[in-house]
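Commentary on secondary and tertiary structure
Now for the letters of each chain:
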Amino acid sequence: MFKNNRLLKYKRVILKLSGESLINLKNKNNIDSFFLNFLSQEIKKIVDLNVELGIVIGAGNLFRGQQLQKIGFNRVIADQIGILSTIINGLAINNFMNQMHIKTLLMSSIPLNGICETYNWNRAIKFLSQKNVIIFSAGIGNPFFTTDSAACLRAIEIKADIVLKGTQVDGVYTSDPKKNLEAKLYSQLSYKTVLKKELKVMDLSAFILARDYNLPIRIFNIRKPNSLLRIVQGLNEGTLIH
């Protein structure tokens, strides 16, 4: 393991986690304490190398705006429920990282006095430089925008080197690897290729934002031990989009 941050390829990163990544795959519990403990251990490995880390969390394990819409919810209300759900997930992640003695700060795009700090980009950069892991919750605070958009926006605001999107597959494949055993993993892709092939890497508006600001994205399997560590050390892991 590298101990000198000059040997790191990425020194400030945004980790984007879907809400689904928190689900226990065996008993389908909405929040998997075993995974949160594993995630905290993985994060500690890179924090100990002085990597500055921000986390953006989704809420698909609790509520998805589109699903609520289908059962009769107004779109704005459905998205607001999703926004609040990301704060629940943020609190859960924050709790487990604190147990691992990781310095953290939970920020929200909407004011929630007594629960978390209101997001401010300048304060976020200050706390990152003081080796706090910042958990960005509540998306961008508005309906109609996904947490993918929040991840790219926060990355641009705090001048992150890359967005790391943790999934339950090893990266971007030529087709669904669960349905096609011959599907091949892409090592690298250009923004242009992703758009041309209509690969579902992330929300389109988020992806275009990343492209316009030349923000690289790496898609990888968050459940693979040491995957985060390998990425920040510059080793090939998952699929790099740049």
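Structure: see above.
Within each chain, residue numbers correspond to sequence positions counted from 1 in written order. In view of the model being predicted, local features appear only for residues whose pLDDT reaches at least 70, and side-chain atom pairs are presented and counted only at 80 or more, with totals across whole chains, interfaces and linings using the full set of residues. Where side-chain values are given, they derive from all heavy atoms of the structure, hydrogens and water being excluded.

On to the pattern of salt bridges. We count a salt bridge whenever a side-chain nitrogen from Lys or Arg sits within 4 Å of a carboxyl oxygen from Asp or Glu. Applying the stated criterion to the full structure yields 12 salt bridges. Put simply, Glu117 and Arg123 hold a salt bridge, and the shortest N to O gap is 3.0 Å. Where Asp148 meets Lys165, a salt bridge forms, and the shortest distance between an N and an O atom there is 3.3 Å. A residue pair is termed long-range when its members are at least 10 positions apart, and Asp148 in helix H5 (residues 147-157) and Lys165 in strand E6 (residues 162-167) qualify at 17 residues. For the exposure calls, accessible area comes from a 1.4 Å probe over protein chains only, and a residue counts as buried if that area is under 20% of its type's maximum, exposed if over 50%, partly exposed in between. A relative accessible area of 12% places Lys165 in the buried class. Members of the salt-bridge network, linked through shared partners, are Arg12, Glu52 and Lys131. Only DSSP runs of H or I covering at least 4 residues are called helices, and only runs of E covering at least 2 are called strands; the numbering of each starts at the N terminus.

A separate point is the packing of aromatic side chains. Geometry of aromatic contacts follows a simple scheme: Phe, Tyr and Trp rings, the Trp one being its six-membered ring, pair when their centres are within 6.5 Å, and the pair is stacked under 30 degrees between planes, edge-to-face over 60, tilted otherwise. Within this structure, the stated rule accounts for three aromatic pairs. For the pair Phe35 and Phe38, a centre-to-centre distance of 6.3 Å together with 35° between the ring planes defines the contact as tilted. Of this pair, Phe35 and Phe38 both sit in helix H1 (residues 33-47), three residues apart, which is roughly one turn of the helix. The residues Phe35 and Phe38 share a single accessibility class, namely buried. Measuring from ring centre to ring centre gives 5.6 Å for Tyr119 and Phe136, while their planes differ by 75°; the resulting arrangement is edge-to-face. Pair noted here: Tyr119 is in the loop between strand E4 (117-118) and helix H4 (121-129) and Phe136 is in strand E5 (residues 133-137), with a separation of 17 residues, a long-range link.

This paragraph deals with H4. Of all the residues in H4, the buried ones are Ala124, Ile125, Phe127 and Leu128. End-on, the buried residues of H4 take up no more than an arc of 165°, which puts them together on one face. We call two residues in contact whenever any of their non-hydrogen atoms come within 4.5 Å of each other. Its buried side turned inward, H4 meets strand E1 (12-17), strand E2 (52-57), strand E3 (104-108), E4, E5 and H5. Of the residues one or two after H4, Lys131 is the one with positive phi, at around 65°. What the arc describes is the spread of directions from the helix axis to the C-beta atoms.

The values reported here are purely geometric and, on their own, carry no functional implication.
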